[in-house]
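Close look at the chain arrangement
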Number of protein chains: 2
Amino acid sequence: MGMPSSLDALIEGLRCLPGVGPKSAQRMAYHLLQHDRPGAQNLADTLQQALLVLRHCQRCNTFSETDLCARCQSPKRDASLLCVVETPVDLNMMEQTQAYSGLYYVLMGRVSPLDGIGPRELQLDRLLARAGDGLVREVIIATNYTNEGEATAHYLSQMLKSRGVGVSRIARGVPVGGELEYVDAGTLAQALRERRPLLD
Amino acid sequence: MGMPSSLDALIEGLRCLPGVGPKSAQRMAYHLLQHDRPGAQNLADTLQQALLVLRHCQRCNTFSETDLCARCQSPKRDASLLCVVETPVDLNMMEQTQAYSGLYYVLMGRVSPLDGIGPRELQLDRLLARAGDGLVREVIIATNYTNEGEATAHYLSQMLKSRGVGVSRIARGVPVGGELEYVDAGTLAQALRERRPLLD
């Protein structure tokens, strides 16, 4: 006299979502069935469709419906610049700046020894091949300034420099609009160490 | 040069889940596509299956794959007792006590004027019909002790009493294992007002 098996299966199925435990999964299932059946049907359909058509762009590794994504195919992008980011979300953030017109490589993760993710699991050899296409002059490493993002940047710069590709890292410092009073000491110390000369 | 449309659609589709905003939906979509495609396929399948087979038990209103749920069909349950709960989760909690062998009625909600949910939206007439089947002797109201649950209990008891059905409410007081020091003053005041004589 427990729950119907299809309801049990749905609650269990929802737990594949990150951050969703047994209680949330139950709440989600009841909400969908009671209050949003069209939304649930749409979710089933969009999941199915995404699984069918989405794969990785062979060049930049982000999600794409085609072998090469629209960005990698565009003649308007500067093929001499390659920006390495951890995730497609980071790629979107970079695009929103409208300050970059080069191409990207999406790692789909970061070096994280505690989670068993090393250079091999990240398939960094694919990035090396990409960076060695003869057109790329500079690789801009835009991984996060977390411990794992920094470790990833360190690996990458070692690997790329030994192959004679120019490597740079996005700047770190006081955020635009930030007040010294509210910036953490570590950031402020770095901003001091990495100070730039002011030219007239 | 935004995201592939199937990815956009999936992120939008995930937002039908309660408590999931744009950032979480994006994170969920990337997680599923990158790290758990079997889980995503299973979620699509279980959603589809649940939508196909799950409806409401015609007697107790909980989710069921059949016209009458297994519990309502069981000859082992005491048909003279009817316990009214807000949600299927609350029904599960009651069952876990193993202290109740009667039947249930699941409101699938609560009276909540601010959300535009009144007695009509809750279809309380269906509960009245159910309670008036001639077998039910006592209706035990087990809605939450929140403002909305209390308002719902008040409505129900008024409606049921005028029809000559016995009505009771689950007790309220200091939780088992609870220490007075950590119980809020309102609960303690109620526990005092609703004190019971101790019999030898």
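Up top you'll find the structure we're talking about.
Reading guide: rules and limits
Residues numbered from 1 in each chain as written. Chains lettered and ligands numbered in written order. Predicted model: local features only at pLDDT ≥ 70, side-chain atom pairs only at ≥ 80, totals over all residues. Heavy atoms only, no water. Least-squares fit on C-alpha atoms with pLDDT ≥ 70 in both. Contact = heavy atoms within 4.5 Å. Patch = residues over 30% accessible without salt bridge, like charges linked within 9 Å, V, L, I, M, F, W, Y side chains within 5 Å. Areas by Shrake-Rupley, 256 points an atom, 1.4 Å probe, with all protein chains shown as cover. Salt bridge = Lys/Arg side-chain N within 4 Å of Asp/Glu carboxyl O. Helix = DSSP H or I, 4+ residues; strand = E, 2+ residues; numbered from the N terminus. Pairing = 2+ DSSP bridges. Axes fitted to C-alpha atoms, helices over the stretch in contact; angles between N-to-C directions. Buried area = accessible area lost by both parts, 1.4 Å probe. Nonpolar A, V, L, I, M, F, W, Y, C, P; charged D, E, K, R; others polar. Expected span 1.5 Å × (residues − 1). Buried < 20%, exposed > 50% of the residue type's maximum accessible area, 1.4 Å probe, protein only.

**A word on the relation of the copies chain B and chain A**
Mapping chain B onto chain A calls for a rotation angle of 180° and an axial translation of 0.0 Å; the resulting RMSD is 0.1 Å. On this basis, the relationship between the two copies can be described by a two-fold rotation axis. Relative to the rotation axis, the C-alpha of Ala44(B) is the closest in chain B, positioned 2.2 Å from it. A shared binding surface is used by both copies, with 100% of the interface residues of chain B retained as interface residues in chain A.

**Describing a nonpolar patch on the surface**
Taken together, the side chains of Val174(A), Leu180(A) and Leu188(A) define a hydrophobic patch exposed on the protein surface, amounting to about 220 Å² of accessible area. Locating Leu180(A) in the fold gives a position in the loop between β6 (166-169) and α8 (185-193).

**A short note on the pairing of strand β5 (residues 138-141) of chain A**
A regular strand places its side chains on the two faces of the sheet in alternate fashion. Residues and elements named next belong to chain A. Two strands pair when backbone bridges link them, and strand β3 (residues 78-85) and β5 are joined in this way by 4 bridges, in the parallel orientation. The residue bridging Leu82 from the neighbouring strand is Val139, located in β5. As defined by bridge partners, β5 adjoins β6 across 4 bridges and the pair is classed as parallel. Note that in β6 the partner of Ile140 across the bridge is Ser168.

**So, the sheet that holds β3(A)**
Through backbone hydrogen bonds, the strands of a sheet pair up, either in parallel or in antiparallel fashion. All names here are of chain A. Read across the sheet, 4 strands follow the order β4-β3-β5-β6 without closing on themselves; strand pairing throughout is parallel. This sheet does not close on itself; its edge strands, each paired only once, are β4 (102-106) and β6. The average undirected angle you get between the axes of adjacent strands in this sheet is 25°.

**Looking at the interface of chain B and chain A**
Counting from both sides, the interface comprises 54 residues of chain B and, opposite them, 55 residues of chain A. Taken together, both faces of the contact between chain B and chain A bury some 4,800 Å²; the carbon and sulfur share is 67%. Of all elements in the fold, only α1 (5-14), α2 (22-35), α3 (37-53), β1 (55-56), β2 (63-64), α4 (70-73) and α5 (88-96) of chain B reach the threshold of two or more residues within the side of chain B that touches chain A. The greatest single-element share of the side of chain B that touches chain A, amounting to 15 residues, is contributed by α3(B). Each residue belonging to the side of chain B that touches chain A can be placed in one class, and the counts come to 29 nonpolar, 17 polar and 8 charged.

**Details of helix α2 (residues 22-35) of chain A**
In this model α2(A) runs 20 Å from its N-terminal to its C-terminal C-alpha over 14 residues, within 8% of the 20 Å that 1.5 Å per residue would give. Buried within α2(A) we find Ala25(A), Gln26(A), Met28(A), Ala29(A), Tyr30(A), Leu32(A) and Leu33(A). Here the buried face of α2(A) lies against α1 (5-14) and α3 (37-53) of chain A together with α3, β2 and α5 of chain B.

On their own, these measurements won't tell you what the molecule is for.
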